[in-house]
Amino acid sequence: MLENRPTQSRSWSELGILLAMAGPLMAAQLSKVIMVFTDTYMMGQLGAEALAGGGVGASIYSFLTFSFSGVISGIGTLIAIAHGAKDVVGVQRTCQSSILIALLLSALGMLALWLAAPLLRGLGQPPQSIDSFIAFTRAVAFALPGYLVFMALRNFVSALGDTKPVMVISMAAALLNLALNLMIINQWFGIPYLGLSGIGAVTASVSLLMAIALASYIALTPRYRAYQIFKGIFHVDWGVLWPAFRFGIPTGLSFAIELSLFTCAALMMGYFGVMAQAAHHVAMQAVLIAFVVPISLSSATSYRVGQLLGAGRVADIKPVARIGLGCGALASLIFAPLFLIFPTEIASLFVNASTSDSQLLKSTVASLLAVAVWFLLFDGAQNILLGALRGL
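Residues numbered from 1 in each chain as written. Predicted model: local features only at pLDDT ≥ 70, side-chain atom pairs only at ≥ 80, totals over all residues. Heavy atoms only, no water.

## Looking at the packing of aromatic side chains
Cut-off, in case you're wondering: A pair of aromatic rings is counted whenever rings of Phe, Tyr or Trp (Trp by its six-membered ring) have centres within 6.5 Å, and the orientation is called stacked for planes under 30 degrees apart, edge-to-face for over 60 and tilted otherwise. Runs of E in the DSSP output that reach at least two residues are strands. Runs of H or I that reach at least four are helices, and both are numbered from the N terminus. Working definition: with a 1.4 Å probe on protein chains only, accessible area under 20% of the residue-type maximum means buried, over 50% means exposed, and in between means partly exposed.
One pass over the full model with this rule turns up four aromatic pairs. Summarising the aromatic geometry, the rings of F156 and Y227 are spaced 5.7 Å apart at their centres and angled 80 degrees between planes, so their arrangement reads as edge-to-face. Note that F156 is positioned in helix 6 (residues 143–159) and Y227 in the loop between helix 8 (195–220) and helix 9 (238–269), a separation of 71 residues in sequence. Like Y227, F156 is buried. Between the aromatic rings of Y217 and Y224, the centroid separation amounts to 6.1 Å while the plane-to-plane angle is 65 degrees, which identifies the pairing as edge-to-face.

## Here's the deal with helix 12 (residues 317–341)
Our working rule: Helix span, as expected, comes to 1.5 Å for every residue beyond the first.
Compared with the 36 Å implied by 1.5 Å per residue over 25 residues, the 38 Å span of helix 12 between its first and last C-alpha is a close match. Considered for burial, the residues of helix 12 that qualify are I317, V320, A321, I323, G324, G328, A331, S332, A336 and F339.

## Structural notes on unusual backbone geometry
Despite not being glycine, Q228 has its phi angle at roughly 45 degrees, a positive value. Exposure remark for Q228: the relative accessible area of 40% places this residue in the partly exposed category.

## Observations regarding the side chain of N181
Filter applied, for reference: Between N or O atoms, a polar contact is any pair within 3.5 Å; within protein, one atom must be a potential hydrogen donor and the other a potential acceptor, and residues adjacent in sequence are included only when both atoms are from side chains. Residue contacts follow a heavy-atom distance rule, with two residues in contact if any of their heavy atoms lie within 4.5 Å.
If you trace the backbone, N181 turns up in helix 7 (residues 164–186). With a relative accessible area of 0%, N181 lands in the buried category. Polar contacts involving the side chain of N181 include one to the main-chain carbonyl oxygen of N177, which spans 3.0 Å. Here N181 is in contact with T38, D39, M42, I199 and V202, once residues within four sequence places are set aside.

## Some words on the environment of A159
Following the sequence through the fold, A159 ends up in helix 6. Filtering out sequence-adjacent residues up to four positions away, A159 remains in contact with G76, I79, A80, H83, Y303 and Q307.

Now the structure itself:
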């Protein structure tokens, strides 16, 4: 019994470290989801057509941001490994490469959003949905540079174990996003009607402010002065950038393959009409809220495994993966029953009850949530295990 105590003590210690890293990341991820929730709620106030077309636009935007964030997240693991090995120059070069890759990917993403409308027409999407899609995506495309640079900087501070500023900035951004959206939708202070374009513009503005805020924190914090990540940032070190990009690609592809299923489902819903398309978008937002815990645990597990690998503590990696998986399973078992017991109440959070089609929309959302339960249980575990593998 006595010889098991050191192992148990290390397990409790690793649980504390993992939760300390994951907690602020959960708050930050929840803030991001709340921003998407806010956008969806505001779309719902404009009617089913706006929710359908804007929802498709939001799905494609989310596909791009999560896929590109996967590439950047993979590079963040390299930062954690370099930090564990006390390689200051390696941390600096890798972080700078991550920022440059974020800017490149954002340019590609903006181009994809602007050119997507003809593809939707070719896929037979409802014309009214395409008009709403264009109105939203032409504005929200400008959110990509700010958001992806913020993610690159987030990975830098998180890999070094400093996750609280990410939480504070993300929560402040969610509140600002809500306030500005209320101003846009309700036309306060004489603001003209902007509709979906206004919702997209608010997301773009808030994303840029998030990147500026985190960059300012890094520049002004003495702890990070040794890394000098902004010094010579546009001097491309191909010996670091290209390996970092190749390292991040598998993670980005795994995110893209998984999310493409949901993006394709959103497009396929268009064949069933505006109502089904709007209901699918609402159901997905509910799933994303519940998925905050597994995603955050996946990131924290990846960073912690990377730190242990860089420090040469290979024997401690397996317990960390098990702890992360156990915490994720517990969270999924808490959220899943809510989808089965309160589906209509969840749908009511997104749907404007004063519209004529609100009851049909709610019932359609409820039927989709019953299917989403199984996705939440199994995919949550998969993401945490993938996070542990990324750390290696």
